[in-house]
Amino acid sequence: MTARSAALVGNPNAGKSALFNALTGARQKIANYPGVTVERKAGRLLLPGGAPVELTDLPGSYSFHATSPDEEVTRKVIMGEFPGEAAPHVLVVVLDASNLEQHLVFAQEVIALGRPTVVALNMVDLAERDGLVLEPAALEEALGVPVIPTVAVRRRGLTDLAAAIAAAEGRPLEHHRPHTTLTERRVTAHAIAAGAIVSETSRHRLHAKLDQVLLNPWAGPLILFALLFVVFQAVFTWATPFADGLQAVVDWLIALARSALPPSLARDLLTEGILSGVGSVVVFLPQIVILFFFILAMEASGYMARAAFLMDRLMAGVGLSGRSFIPLLSSFACAIPGIMATRSITDPKDRLTTILVAPLMTCSARLPVYAIIIAAFIPGRTVGPGIGLQGLVLLGLYLFGIVSAMLVALVLRRTVTKGAASGFIMELPKYQLPHPKDLLIGLWQRAWIFLRRAGTIIFTVTVVLWILLNFPRAGAGQDQVDASIAGHIANGLAVVVEPIGFNRDIALALIPAMAAREVAVSSLATSYAVGASDDQQQALQLGERLKASWTLPTALAFLAWFVFAPQCMSTIAVTRRETNGWKWPSFMLAYLFGLAYLFAGLTYWSAVWLGLG
């Protein structure tokens with residue numbers, strides 16, 4: 001006689017593993033399924049009569065239309081398609097009571113097989129804690145299979161569940177609904193979940209109402225855009241007093257060093273190199289902190305996951321899935337963790353495409369570059385009530401990066417990474433107020449990362465650049481920058497970038513900026529400080545020097561360049577590691593520098609043609 005078997009099946013995060021451990025205890029064995037690396041967990045469950053049942057904990061799945069190795073294993077086990085492994089006699093569908101509607105979609109697909117099935121309504125204590133009380137009998141009537149409320153971690157309902165498993169094979173199936181579409185299952189899941197609610201608190205109803213608005217296909221994107229608009233207005237408006245204060249401190253330190261130290265190369269290194277270079281980047285710390293305040297607050301409140309849901313439609317249109325959203329979102333902080341986060345994307349071409357477009361997301365290192373150019377060349381006036389022109393331009397640059405990434409992904413998915421978009425299902429976290437302590441810790445970590453880069457990478461590159469700018473020393477009547485090693489290198493590169501409106505100073509800044517994008521600001525500050533003819537010119541802030549030396553078309557072209565240019569060797573190194581070779585990093589460098597040159601040129605030529613400079 002064949003040993004009886006049962007399998008736990010359901011969405012990820014339904015509490016299947018906790019339920020499996022509670023039912024089997026130490027009577028478990030772990031191996032791999034044949035031909036795959038997916039873990040197989042099986043154990044022995046003793047039924048009320050003492051009869052043993054082999055219980056298998058199947059990988060979490062959202063559908064029998066598999067989009068990952070885990071889902072494929074679940075489908076094959078349930079269908080009995082693994083060689084030497086019979087299909088389970090009883091299927092135990094585990095549902096998260098606090099996320100019932102989502103979990104009922106797959107539950108209907110399982111029940112529609114017409115096999116002996118039991119539903120474990122798990123984590124009912126957490127649902128009740130959140131103000132949601134459900135009626136298992138109403139669920140049982142709607143689904144046509146036994147529904148047993150359980151709390152696996154407290155071992156509640158386990159005896160009733162074991163008894164239901166024992167009786168499942170002799171129970172006739174009711175309400176059999178084969179061949180329903182995904183849309184039909186979603187509509188039915190909504191109706192069943194609503195019908196099973198006994199009571200819910202006003203807070204729970206409020207959260208449901210919020211989702212109806214924030215996830216609306218029309219209102220949702222508009223709200224998301226409005227939030228982004230507020231963020232970038234705040235980056236300029238709120239940060240200005242703090243940035244001005246930091247700039248005043250840097251200027252005071254430079255003046256103090258000049259008055260306290262005798263004229264020498266050491267004093268010049270301190271004032272022209274370290275304080276002018278590193279200080280020109282540190283003053284943008286308030287903008288970094290304000291940007292991450294909004295990002296961390298949206299993550300902690302549960303809104304960021306909903307933004308991913310809204311973006312799924314857009315990303316599907318360019319051949320990506322919503323799984324790419326979180327890595328791309330991480331790239332707004334830094335492309336390095338964004339690229340590493342692509343490991344969660346199961347489709348290899350989807351993952352490769354996400355890696356290749358991640359540097360187009362506007363990382364925090366670009367913010368100092370954008371901020372100094374916008375503050376110097378874009379008037380600080382309003383274009384409407386509470387709408388600053390500078391904030392609008394910054395928002396436009398961020399949106400330009402996003403749109404460019406989507407267009408590049410569209411081209412890549414139809415050429416070098418051709419393939420169909422994979423499916424995307426996610427569970428939305430509960431709304432909650434961000435905890436002030438968590439926000440402060442997150443802001444401190446981001447600020448420390450920024451300051452550490454200023455104290456290490458930017459400091460080192462600035463000192464090296466100062467040395468290259470000061471040696472060999474200029475002769476009488478000769479410009480120091482022209483005479484220096486760095487000046488000779490920049491003069492050679494200037495020939496290449498001159499057609500797109502870049503001068504020698506920009507060419508000089510682009511080379512050390514390969515270490516990190518924000519180094520471009522410190523490089524410009526250092527080169528202008530070294531090239532200043534007197535103390536009065538040296539006392540000018542970087543923005544004033546740029547405004548006096550550049551035209552508006554050149555400034556706009558510089559912004560366009562940094563939207564695309566992969567000025568970060570760490571990003572290239574991580575790409576090489578994640579793609580196991582230099583083929584794709586080389587491709588990334590080539591296409592991004594090509595786009596940077598093209599769009600910088602188009603911006604410069606268009607601005608000149610329009611008479612802007």
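Refer to the preceding data block for the structure.
Bear in mind the structure is a predicted one, so any value in this text is a computation, not a measurement.

### Some thoughts on the overall build of the protein chain
What the protein chain contains, in helices and strands, is 28 helices and 11 strands. Buried positions account for 52% of the 613 residues belonging to the protein chain. Considering only intrachain contacts with a sequence separation of at least 6, the fraction spanning at least 24 residues in the protein chain is 73%. Taken together, the 47 basic and 42 acidic charged side chains of the protein chain have centroids lying 3 Å from each other.

### Remarks on the pattern of salt bridges
Side-chain pairs of opposite charge can arise whenever the charged atoms involved come near each other. What the rule picks out here adds up to 13 salt bridges. We note a salt bridge from Arg-185 to Glu-109, for which the minimum N-O separation is 3.6 Å. Placement of the pair is Arg-185 in helix α7 (residues 182-195) and Glu-109 in helix α3 (residues 100-111), with a sequence separation of 76 residues. Of the two residues, Arg-185 and Glu-109, both sit in the buried class. Across the pair Asp-505 and Arg-504 runs a salt bridge, and its minimum N-O distance is 3.4 Å. Assessed through its relative accessible area of 13%, Asp-505 is described here as buried. A single network of salt bridges, built from pairs that share partners, joins Glu-72, Arg-75 and Glu-81.

### Some remarks on unusual backbone geometry
The step from Phe-471 to Pro-472 runs through a cis peptide bond, and the omega angle for that step is -5°. Note that Pro-472 resides in the loop between α19 (436-470) and α20 (480-483). Even without a glycine there, the phi angle at Met-123 is positive, about 60°. Among the secondary structure elements, Met-123 is positioned in the loop between β6 (117-122) and α4 (124-129). Within the chain, Asn-580 stands out as a residue other than glycine whose phi angle is a positive 60°. Looking at the secondary structure, you find Asn-580 in the loop between α27 (569-579) and α28 (583-609). Using a relative accessible area of 70% as the deciding quantity, one classes Asn-580 as exposed.

### Observations concerning the nonpolar core
Formed by 114 residues in total, the largest nonpolar core has its most connected members in Phe-502, Trp-550 and Phe-558. If you look at the next biggest cluster of nonpolar residues, it comprises 35 residues, including Phe-82, Leu-91, Leu-121 and Val-151.

### Observations concerning the packing of aromatic side chains
As enumerated under the stated definition, the model contains 17 aromatic pairs in all. With centroids separated by 5.6 Å and ring planes inclined at 35°, the aromatic side chains of Trp-238 and Phe-294 adopt a geometry described as tilted. You can see Trp-238 sitting in the loop between α9 (219-237) and α10 (239-260) and its partner Phe-294 sitting in helix α12 (residues 285-301), a full 56 residues away along the chain. On the numbers, 5.6 Å between centres and 90° between planes, the contact of Phe-400 with Phe-564 is edge-to-face. Taken together, the residues Phe-400 in helix α18 (residues 389-413) and Phe-564 in helix α26 (residues 552-564) connect sequence positions 164 residues apart. The class of Phe-400 is partly exposed, set by a relative accessible area of 30%. Members of the aromatic cluster, each reached through a chain of ring pairs, are Phe-377, Phe-502, Trp-550, Phe-558, Trp-561, Phe-562 and Phe-593. When the ring centre of Phe-82 is taken as origin, the NZ or CZ atom of Lys-76, which lies over that ring, is 5.9 Å away. Stacked on the ring of Tyr-431, the Lys or Arg Arg-306 has its end atom at 3.9 Å from the ring centre.

Thresholds, definitions, all that
- Residues numbered from 1 in each chain as written.
- Predicted model: local features only at pLDDT ≥ 70, side-chain atom pairs only at ≥ 80, totals over all residues.
- Heavy atoms only, no water.
- Helix = DSSP H or I, 4+ residues; strand = E, 2+ residues; numbered from the N terminus.
- Buried < 20%, exposed > 50% of the residue type's maximum accessible area, 1.4 Å probe, protein only.
- Contact = heavy atoms within 4.5 Å.
- Lys, Arg positive; Asp, Glu negative; His and termini not counted.
- Charge placed at Lys NZ, Arg CZ, Asp CG, Glu CD.
- Salt bridge = Lys/Arg side-chain N within 4 Å of Asp/Glu carboxyl O.
- Core = buried A, V, L, I, M, F, W, Y, C linked by side-chain atoms within 4.5 Å.
- Phe/Tyr/Trp six-rings, centres within 6.5 Å; stacked < 30°, edge-to-face > 60°.
- Lys NZ or Arg CZ within 6 Å of the ring centre and 35° of its normal.

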